[in-house]
Amino acid sequence: MNHQLKSQAAVLKIKNVSKAFPGVQALNNVSFSVYPGEIHALLGENGAGKSTLLKTIFGVHRPDSGTFEIDGQEVIFKSPAEAINNGIAMVHQELSLIPQMNAIQNIVLGREMMRLGTINWSEAKKRAEISLQKIGFKGNPYESVSKLSVAQQQLIEIARALSFEARILILDEPTSALTSQESNQLFEIVEKLRADNYAIIYVSHRLKEVLKICDRVTVLRDGKLITSIVRNEIQGEHDLIRHMVGRSLTEVEKPSLNTANKVEVLRVENLTIPGVVEDVSMSLYAGEIVCLAGMVGSGRTEIVRAINGADPSSTGQIYLNRKRIEIRNPRSAINYGIALLTEDRKRQGLVLHMSAASNATLPNPPGKFGFISRKKQESITAQALSLLNANFSVSKVVKELSGGTQQKVVLARWLITNSQIFIFDEPTRGIDVGAKLEIHNLMRDLATKGKVILMISSDLPEVIAVSDRVLVIRRGSLVKELVGKEITEEEVVLHATQG
Amino acid sequence: MSKNLIESNNPPVVSPRTSSSSVLRRGARQGALLIVVIMLIVYFGLLNSYFISSQNIQNILLQATIVGILGIGQTYVIITGGIDLSIGSIVATATVCSGIFSTHTSPVVAIVGGILVGVMAGLVNGLLIVTTKITPFIITLGTMGIYSGLALIISGGQAIYGIPTSFQHALAGKAFGSPVPILLFAFLTTLSVFVMKYTKFGEYLVAIGGNPEVATLAGISVRRNTAYAYVVSGSLAGLCGAILAARLGAADPNTGSDLLLVAIAATVMGGTKLAGGEGSMVGAAFGAILIATLTAGLTSLNVQAFYQKVAVGTAIILTILIDQFVKGRRR
């Protein structure tokens, strides 16, 4: 939806801003302008400088050089409080509401902290109610926010941001935790705000969304401004990707289906976890990428954990290469060649304080008689990582690596164990575009080598682009199988929600 | 591999570094501890020239031995994210048993007996912790009481005298020109550094403490390795019990109550995080030496024991504060 650009003066000008941290030039002479009444997207890979820029605007950091101008006046904020007082409000990715308090309290109290002096509660409450109404909040404003959905909490955050009389609203990854319906509602609200002449800076990895609602796009890469252009000058996602990544990347092509030589590798029958998963049966063949699609909470992760032996309460049968096997714990799953890359990399994939080499060889550290050969550990890891197009010192602690690289370390672990069956649970969540496509290519590569790939994904474009087969799970049951051309966003959503 | 599917330039290569920053940080911490020890020695030496004599340094190291060895044992346990509050009581039981053995059998049996007491105590700790889901803090709090009661029961509440000199020489005498306890301390520190760096056991402990879920998913036997950590802690405490009996020439069932907190302090000062996943054996050793230096120095100034306790406690807090400060600045 394109939007006529009004010829107004810029409300926020970023002029030649640079900021360095030890060892990295986070921002390098960045300049661009944000106008009132526009939705301005800020794009960039992880590490490109987006969050540093936002924090510098917001007063968390001080720029080394350069200035900001608000309505033509030079300002540098010494703290977020100052930024807020000057009309800039930010809704962070991790929501910052106080869970035990209700919506009204959260809004009013946020405000209270900004101004000294006494509060006129009834006045403040009225204003909060009006903000919530304007936003289209339909919940109970007097209920404690912990009982509300993420989408509603987000609305409260926006209402709170607006209650500071902000004119510039920064939204950081606002749709990462929303369903597509809730996202559409958010877009309506954001567009309404635009009509009310707010300037909205919209940070997101979801390029489709960006193209849908944004008027202008600024792309950062390696701390530098790559481009700041209006929407009509952008041809499509690949344009944005090219700016963000610096090279052309295309989504991997799906091979044409060859159903004749299908070799069954893994078969699950009557998998049941009381109350969570109901009689799920599926077959997985060598060389294909199968996706478990479904809503959050539909039981997909539980299915996959059960296959991995991590859930003792599950019942059912598992057949590996047509022979019945028992998987009692993760160790036996590993021994049978099953690799599970969990959803939350940090909590369930990596030991953050250990090196990449240690993490990658954790299931079977190389060495005899209980000793570890660090040399072998490092060379095996480096080898696996180079297959994944990652070249860095493997003795680096994984905490210091980017999300995409961390995912590669986890993947390296399972390459090293020579697994046959790779289960990916949300493999590219929170990973930037460049790394995302690399991981897709990797999965396709593994499939071509004859491995079995089972993927859980809630990212519909990813599901469509990557899967050979889609198994839709709804409320713990397998409700629909989509093959090849049948795989469309509409079909997946249809069966995932109602069927 | 995927080159025919993506047009890409070679992705940028990150220039390799030979060591990760956390190793550097830990090295810096150990270095800092050593510097503080040296500064203290110089300071006290200026006030009392005897302080710098080699005899005195040896005394300090000797004083540091028990706490140091306990600290090392505690480091294994704390790295896994747990804690062993029973080490003081294990020392008491082991010293009593070792003392009794020494009066009836050869020194070797007495030494081994003391260690075995520790092994069994540690085993009980370990099994209780991995089979029940109760936190190590509570379990070892309980066993702390049980083992100290055992020590009193076995000894009849009385100190055991008449420890034969053969035993005393064996464990508290000199070998290769240095007191045996110091040699043991040095050996155990070096051995533990090696274990953490070059054995799978050490790797597993760090993984278990850092992220037990990941460790499980990687197929590591979390229960077995965690239990082993407590066995190690217990056996080192048992060894300390034997050493104490040899040094004092008597076995006192009431030992150990002071030792626990100082041992944990040494461990924490050495850079081991109570949350687990990170730790330094050398750090624990240096921590013990620092505390021993401080105590000795204050004694040389005739500061009363009560004030010494305050000083040591303050030093512990200061170390942690400085640690926080340095970490904060790095951001």
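Residues numbered from 1 in each chain as written. Chains lettered and ligands numbered in written order. Predicted model: local features only at pLDDT ≥ 70, side-chain atom pairs only at ≥ 80, totals over all residues.

Trainee: How should the overall build of chain A be read in this particular structure?
Mentor: Scanning chain A from terminus to terminus reveals 17 helices and 20 strands. In terms of C-alpha radius of gyration, chain A reaches 25 Å, essentially the compact-globule figure of 23 Å for 499 residues. Once the C-alpha set of chain A is aligned to its principal axes, its extents read approximately 70 × 50 × 45 Å. When each of the 499 residues of chain A is scored for burial, the buried share is 47%. Of the contacts formed within chain A by residues at least 6 apart in sequence, a portion of 69% connects residues at least 24 apart. (Helix = DSSP H or I, 4+ residues; strand = E, 2+ residues; numbered from the N terminus. Rg over C-alpha atoms; globule rule 2.2 N^0.38 Å. Buried ≥ 20, exposed ≤ 12 C-beta atoms within 10 Å, placed from the backbone. Contact = placed C-beta atoms within 7 Å.)

Trainee: Can you walk me through the nonpolar core in this structure?
Mentor: Ranked by internal contacts, the top residues of the largest apolar core, which has 173 residues, are Ile423 and Ile453 of chain A together with Val67 of chain B. The dominant element in this core, judged by the number of residues it contributes, is helix H10 (residues 222-248) of chain B, at 14 residues. Among residues more than four places away in sequence, those in contact with isoleucine 453 of chain A are Ile289, Val290, Phe422, Phe424, Met443, Leu446 and Ala447 of chain A. Counting 70 residues, the second largest nonpolar core, distinct from the first, contains Leu155, Leu171, Leu220 and Met244 of chain A. (Core = buried A, V, L, I, M, F, W, Y, C linked by C-beta atoms within 7 Å.)

Trainee: Which parts of the structure should I look at to understand the environment of methionine 269 of chain B?
Mentor: All names here are of chain B. Summarising the element assignment, methionine 269 is placed in helix H11 (residues 259-269). When the C-alpha positions of methionine 269 and alanine 218 are compared, they lie 31 Å apart, and in sequence the two are 51 residues distant. Not counting residues up to four positions away in its chain, the partners in contact with methionine 269 are Leu33, Gly287, Leu290, Ile316 and Thr319.

Trainee: Would you mind showing me how to read helix H3 (residues 87-104) of chain B here?
Mentor: Side chains of residues three or four places apart in an α-helix project in the same direction, reflecting 3.6 residues per turn. End to end, H3 of chain B covers 26 Å across 18 residues, agreeing with the expected 26 Å (1.5 Å per residue, within 8%). The element H3 of chain B is largely enclosed, with a buried count of 15 among its 18 residues. (Expected span 1.5 Å × (residues − 1).)

Trainee: How should I be thinking about the sheet that holds strand E11 (residues 264-273) of chain A in this particular structure?
Mentor: Sheet strands associate in pairs through backbone hydrogen bonding, adopting either a parallel or an antiparallel arrangement. Residue and element names in this part refer to chain A. Sheet architecture is open: 4 strands sit in the order E12-E11-E14-E15, paired in antiparallel fashion. Of all the strands in the sheet, the pair left with one neighbour each is strand E12 (277-285) and strand E15 (323-325). Neighbouring strand axes in the sheet, compared pairwise and without regard to direction, differ in orientation by 20 degrees on average. Bridging between E11 and E12 involves 6 bridges; their strand directions are antiparallel. When the sheet's bridge partners are listed, leucine 271 is paired in E12 with valine 280. Along the sheet, helix H9 (residues 300-307) contacts E11, E12 and strand E14 (315-320); its crossing angle with E11, the most-contacted strand, is approximately 115 degrees. (Pairing = 2+ DSSP bridges. Axes fitted to C-alpha atoms, helices over the stretch in contact; angles between N-to-C directions.)

Trainee: I would appreciate a short explanation of the pairing of strand E20 (residues 477-483) of chain A in the present structure.
Mentor: For a regular strand, side chains alternate in direction, first toward one face of the sheet and then toward the other. Residue and element names in this part refer to chain A. Examined bridge by bridge, strand E19 (residues 469-474) and E20 share 6 bridges and lie antiparallel to one another. By the bridge assignment, valine 470 is partnered in E20 with leucine 482. Where E19 folds back on E20, the antiparallel hairpin that results is connected by 2 residues, among which arginine 475 adopts a positive phi of roughly 50 degrees.

Trainee: I would appreciate a short explanation of the packing of helix H4 (residues 107-131) of chain B against H10 of chain B in the present structure.
Mentor: All names here are of chain B. In contact at an axis separation of 6 Å, H4 and H10 are set at 150 degrees when each is read in the N-to-C sense. Taken together, the axes of H4 and H10 are roughly antiparallel relative to one another. Like other packed secondary-structure pairs, H4 and H10 cross with a definite hand, here right-handed. Residues belonging to the contact of H4 with H10 are distributed by class as follows: 20 nonpolar, 11 polar and 1 charged. (Parallel < 35°, antiparallel > 145°, perpendicular 65-115°, else oblique. Left-handed = near helix turned anticlockwise from the far one by under 90°. Nonpolar A, V, L, I, M, F, W, Y, C, P; charged D, E, K, R; others polar.)

Coordinates in, geometry out; function isn't part of it.
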